[in-house]
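Residues per chain are reported as follows:
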Amino acid sequence: LAKHPEIKALMKPDYNLVWVVVLMVLAQLTAFYLVKDLDWKWVVFWAYVFGSCISHSMTLAIHEISHNSAFGNSKAMWNRWFGIFANLPIGLPYSISFKRYHMDHHRYLGGDGIDVDIPTNFEGWFFCTRFRKFIWIVLQPFFYAIRPLCINPKPISRLEIINLLAQLAFDVVVYYLLGVKSMFYMLAGSVLGLGLHPISGHFIAEHYMFLKGHETYSYYGPLNLLTFNVGYHNEHHDFPNIPGKSLPLVKKIAAEYYDNLPQYNSWIKVLYDFVMDDTISPYSRMKRKLKGEVKQD
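Residues numbered from 1 in each chain as written. Predicted model: local features only at pLDDT ≥ 70, side-chain atom pairs only at ≥ 80, totals over all residues. Heavy atoms only, no water.

A look at helix α8 (residues 158-178)
Every α-helix winds through 3.6 residues per turn, so residues three or four apart in the chain are directed the same way. Worth spelling out the cut-off: Numbering of helices and strands runs from the N terminus, with a helix taken as a DSSP run of H or I at least four residues long and a strand as a DSSP run of E at least two residues long. Expected helix span is computed as 1.5 Å times (number of residues minus one). Relative accessible area decides the class of each residue, using a 1.4 Å probe on protein chains only: under 20% of the type maximum gives buried, over 50% gives exposed, and in between gives partly exposed. Think of the arc as the fan of directions from the helix axis to the C-beta atoms. Pairs of residues are marked as contacts when any of their non-hydrogen atoms sit within 4.5 Å.
With 21 residues, α8 ought to run about 30 Å at 1.5 Å a step, and its terminal C-alpha atoms sit 30 Å apart, in line with that. Restricting attention to buried positions, one finds in α8 the residues L159, E160, N163, Q167, F170, D171 and V174. All buried residues of α8 fall inside an arc of 105 degrees around its axis, so they share one side. Along α8, exposed side chains directed more than 90 degrees from the buried face belong to R158, L165, V172, Y176 and L177. Looking at the buried residues of α8, the elements they touch are α1 (16-35), α3 (76-87), α4 (95-107) and α9 (180-193). Two residues or fewer past α8, G179 is found with a positive phi of approximately 100 degrees.

Encoded structure:
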C-alpha cells in the first residue's frame, strides 16, 4: 500500500455481485423445474454437468458475501441475510457457519485448532496413498462439513438457526412442488460440485505446499470466470476486503509482488498432481502453534 496507494480505491463493495447471485438463484430454480420429469440418468447427468457448476460457484459467491463484498462493511447484516438467500439453491445450510470459520482462516491462517481449513491428523494419516487421496477428493464435502466439529466446535448462533430453518423451509417447498428428482438434482449437484470436479481444484491449489516454503498459491486460468476470481488467492489474502472482481487489478497494479510467485494455470492438473505425487498428501499444509490472545467470531 505504501508503494501503490491507489489499491485503496478498490476497497469498496461490488454491487454487481447482487445481480449475479439473483440470476444464479433464478437459473437453479429454472433447472429444478426442467429436471423434474426427466429420466433419472439425465437428472444425474445435468446435476454433474450444470448443477454442480452453479452450486460450487454459489459457494464462492457466499465466500464473497462473507467478506461483505455485496453491500459493504457498513451494512454487514444485509450481507448476512443475502448470504442466507444465496444459500437456498445449494440445499444445505452453509452461509452463516462458513462466514464464522472463514474469518478465522484469514486471521489465523494455519492456526492449529483454529483454522478448520487444515485437515485433521486422521486425514493426513489415512489418505496417504494414491487411491486413498482420490477418495479423499471425492469426499471433500463430507470432510469440510465435519472438520469444524472435530477441530473447533462453536456454539450455534441465532443466525445459524435462521439459516437452517430458512433452508429446511425452502427444501420442503422444492420437494412438495417439484418432487424428488428436483431435490436430488439440487443436493447431488452440491455434493458432486464440491468433490471430484474441476472447480474443486481450488481447495488444494490455494494452500497445499507443492513447493516447500510457499504456503499460498494463485491460479490465473479461465475457471476464475465461474468462481469470482477466487484463484487470485495471494491477492485475496493480502487484501480480503477487495471484491474478487477487482483482484486482477491488484495483480496488475502490484505486478512486481505477484508475477514471480509460483502459480497455477490448471486446477485439473492440481488435482492430478495431488493424487499422483507421493510426496504430497493432506499433511502438506503449514500448521502453526498460535501464541497470545486468539479472537474468534
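So that's the structure; there's more coming.
Topic: the UniProt feature "transmembrane region" (unreviewed entry) in the chain
Going by this rule: UniProt positions are given in the numbering used here, feature names are shortened, and annotations may be inferred rather than shown by experiment.
Summarizing the sequence annotation, UniProt attributes the feature "transmembrane region" (unreviewed entry) to residues 17-35, 42-61 and 81-98 in the numbering used throughout. End C-alpha to end C-alpha, residues 81-98 measures 14 Å, and it is 61% helix and 0% strand.

Description of the UniProt feature "domain: Fatty acid desaturase" (unreviewed entry) in the chain
UniProt records the feature "domain: Fatty acid desaturase" (unreviewed entry) for residues 41-263 in the present numbering. Secondary structure content for residues 41-263 is 61% helix and 1% strand, and the end C-alpha separation is 38 Å.

Quick notes on the environment of R285
Looking at where R285 falls in the secondary structure, it is placed in the segment after α14 (267-276). For the pair R285 and H105, spaced 180 residues apart in sequence, the C-alpha to C-alpha distance is 13 Å. Beyond its immediate chain neighbours, meaning those up to four positions away, R285 contacts H105, D115, D117, I118, P119, H207, Y208 and M209.

Describing the nonpolar core
Using the following cut-off: Take the buried residues of types Ala, Val, Leu, Ile, Met, Phe, Trp, Tyr and Cys, join any two whose side-chain atoms come within 4.5 Å, and each joined set is a nonpolar core.
Within the largest apolar cluster, 36 residues are counted, with the highest numbers of intra-cluster contacts made by V21, M58, W136, I204 and F274. Among the elements of the structure, α1, α2 (40-66), α3, α6 (130-138), α10 (201-207) and α14 are those that each provide at least two residues to this core. Leaving out residues up to four positions away in the same chain, V21 has contacts with M58, A61, I65, F82, F85 and A86. In terms of nonpolar packing, the next biggest core, distinct from the first, is built from twelve residues, A47, L88, V174 and M186 among them.

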